[in-house]
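A structural walkthrough
What follows is each chain in one-letter form.
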Amino acid sequence: MQIGSIDFGERPLFLAPMEDVSDPPFRLLCKRYGADMLYTEFISSGGLIYDADDSVQKLDIYDEERPVGIQIFGGNVEQVRQATRIVDAIEPDLIDINFGCPVKKVVRKDAGAGILRNLPKMERIVEAVMEGATRPVTVKTRLGWNDDSIQILEVARMLEDKGIQALAVHARTRSQMYKGEARWEWLRRIKEEGVRDIPFIGNGDALTPEKVKAMFDETGVDAVMIGRGAIGNPWIFEHAKTYMATGEVPPPPTWPERLAVVAEHLTLKCEWLGERTGVLEMRRQYGGYFKGFRNASNLRAALMEETTKDGVLEVLLNAKENADEFQMSVPATPSKKPKATRSIPAAVKAKLPTPSAQKQRAPATVG
Ligand SMILES: Cc1cc2nc3c(=O)[nH]c(=O)nc-3n(C[C@H](O)[C@H](O)[C@H](O)COP(=O)(O)O)c2cc1C
């Protein structure tokens, strides 16, 4: 499968754009574990043209993560046009337009999935992006606004006619939000009756290696995009690939391996955002990494208390030394809060993975 000149080989796996999740540190971890394509979280075109710090920061991409796409959203054609030029100057491998976000404050401005109610304007937005982009433009959308207005086959053809180079569809309507099952039967129809020559990327409920394979087998999509299945679980890409090649799902990472990945995630976050913000932002990730483990809530509580990187690393080290407290099971007895050790032995510290990633460039200055 190919998008523009990027050759992905057979059955590639894409990391979904996810707000507050798909940042550079997490993308790097997913890349390490086999993700073939990465996207930034969605970035507001208005935020970019008004130089809002949080939007501009989301443009950061590491060289090591390529190919990477920058995803933008917006319902104002002129703003999207200008934002495209800003994004294009950052030199991502592709520019993706978000026509799928279901959130109220986004859709009411005709952005995200809101545009599914105004297809002529969707065309104008795509034209504006195509005009400003010197690299492939792709779209990620949903089946339609609601069950009474599923027009995805027409939308797919229109988008291809406009010149987009790949289409990703989350197989739910906007009204479904994240409820119910993703409707994979529509993925098959879009592949067979919607897109003609461009690659089609399936998305929605590919949450395990088995489901990733099933999506390929049952729908014929060219690539599978994984979202929630990767949260706290970046090795899903490698596991899905092994499963597709051998029929066996590798065992989950050992407890020390899991802790080492959390430590590396933290280190990358701190490198990217500075220690204070990195430690704070990392708090959102612990739930995913320790889901289903006995005493996980105590461990999370202990991690949340820490305000420095070394403090978090101490708690992780302590959790490593007391591995028998954290087996995958339902809590049987009231658990103790893990105690931090005094300091991390140098030998252990040396074994913590060091991030090789360097920022490709300082955040862009835009305006
Ligand atoms: C926390 C979170 C944030 C998301 N943010 C974005 C986003 O910024 N852009 C986007 O196109 N979709 C976003 N999505 C939707 C996902 O990309 C994906 O379409 C959806 O989760 C379905 O895939 P999954 O079943 O593999 O999770 C987000 C989803 C989640 C759970």
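Relevant structure appears above.
For the structure given in this document, a descriptive report is provided here.

Basis of the calculations
Residues numbered from 1 in each chain as written. Predicted model: local features only at pLDDT ≥ 70, side-chain atom pairs only at ≥ 80, totals over all residues. Buried ≥ 20, exposed ≤ 12 C-beta atoms within 10 Å, placed from the backbone. Helix = DSSP H or I, 4+ residues; strand = E, 2+ residues; numbered from the N terminus. Pairing = 2+ DSSP bridges. Right-handed = clockwise from strand over helix to strand, strands pointing away. Near = placed C-beta within 6 Å. Nonpolar A, V, L, I, M, F, W, Y, C, P; charged D, E, K, R; others polar. Core = buried A, V, L, I, M, F, W, Y, C linked by C-beta atoms within 7 Å. Domains from an automatic or database assignment. Contact = placed C-beta atoms within 7 Å.

**Examining the pairing of strand β7 (residues 94–99)**
For β7, a buried count of 6 out of 6 residues is recorded, marking the element as mostly surrounded by other parts of the structure. Here β7 shows a buried face lined by Leu-94, Asp-96 and Asn-98 and a second buried face lined by Ile-95, Ile-97 and Phe-99. Here strand β6 (residues 68–73) runs beside β7; their pairing, made up of 4 bridges, is parallel. Paired with Gln-71 across the bridge in β7 is Asp-96. In terms of handedness, the path from β6 via helix α4 (residues 77–89) over to β7 forms a crossover that is right-handed. As paired strands, β7 and strand β8 (residues 137–142) are joined by 5 bridges and run parallel to one another. Paired with Asn-98 across the two strands is Lys-140, which belongs to β8.

**Quick word on the site of the ligand**
Surrounding the ligand, one finds 21 residues, the nearest of these being Ala-16, Met-18, Phe-42, Gly-227 and Arg-228. In terms of residue class, the shell around the ligand is made up of 8 nonpolar, 8 polar and 5 charged.

**A look at the nonpolar core**
In terms of nonpolar packing, the biggest core is built from 105 residues, with Ile-72, Leu-167, Val-224 and Ile-226 touching the most fellow members. Tallying contributions element by element places helix α11 (residues 255–273) first for this core, with 8 residues. Of the domains in this structure, domain 1 (7–246) and domain 2 (255–351) are the two that each give at least three residues to this core. Beyond its immediate stretch of four places on either side in the chain, Val-224 contacts Leu-13, Gly-202, Ala-206, Val-212, Met-215 and Phe-216.

**Some remarks on unusual backbone geometry**
Of all residues except glycine, most have a negative phi; of all peptide bonds, most are trans. Following Arg-66, the chain continues to Pro-67 via a peptide bond in cis, the omega torsion being 0°. One non-glycine residue, Glu-91, lies in positive phi territory at about 65°. Considering the arrangement of structural elements, one finds Glu-91 in the loop between α4 and β7. For Asn-295, which is not glycine, the phi torsion reads 70° and is therefore positive. You can see Asn-295 is positioned in the loop between α13 (286–290) and α14 (296–305). The exposure class assigned to Asn-295 is buried, which follows from the 22 C-beta atoms found within 10 Å.

**A short note on the environment of Val-279**
Counting through the fold element by element, Val-279 comes out in helix α12 (residues 275–282). The buried category is assigned to Val-279, around which 22 C-beta atoms lie within 10 Å. Distance from Val-279 to Asp-310, taken between C-alpha atoms, is 9.8 Å for residues 31 residues apart in sequence.

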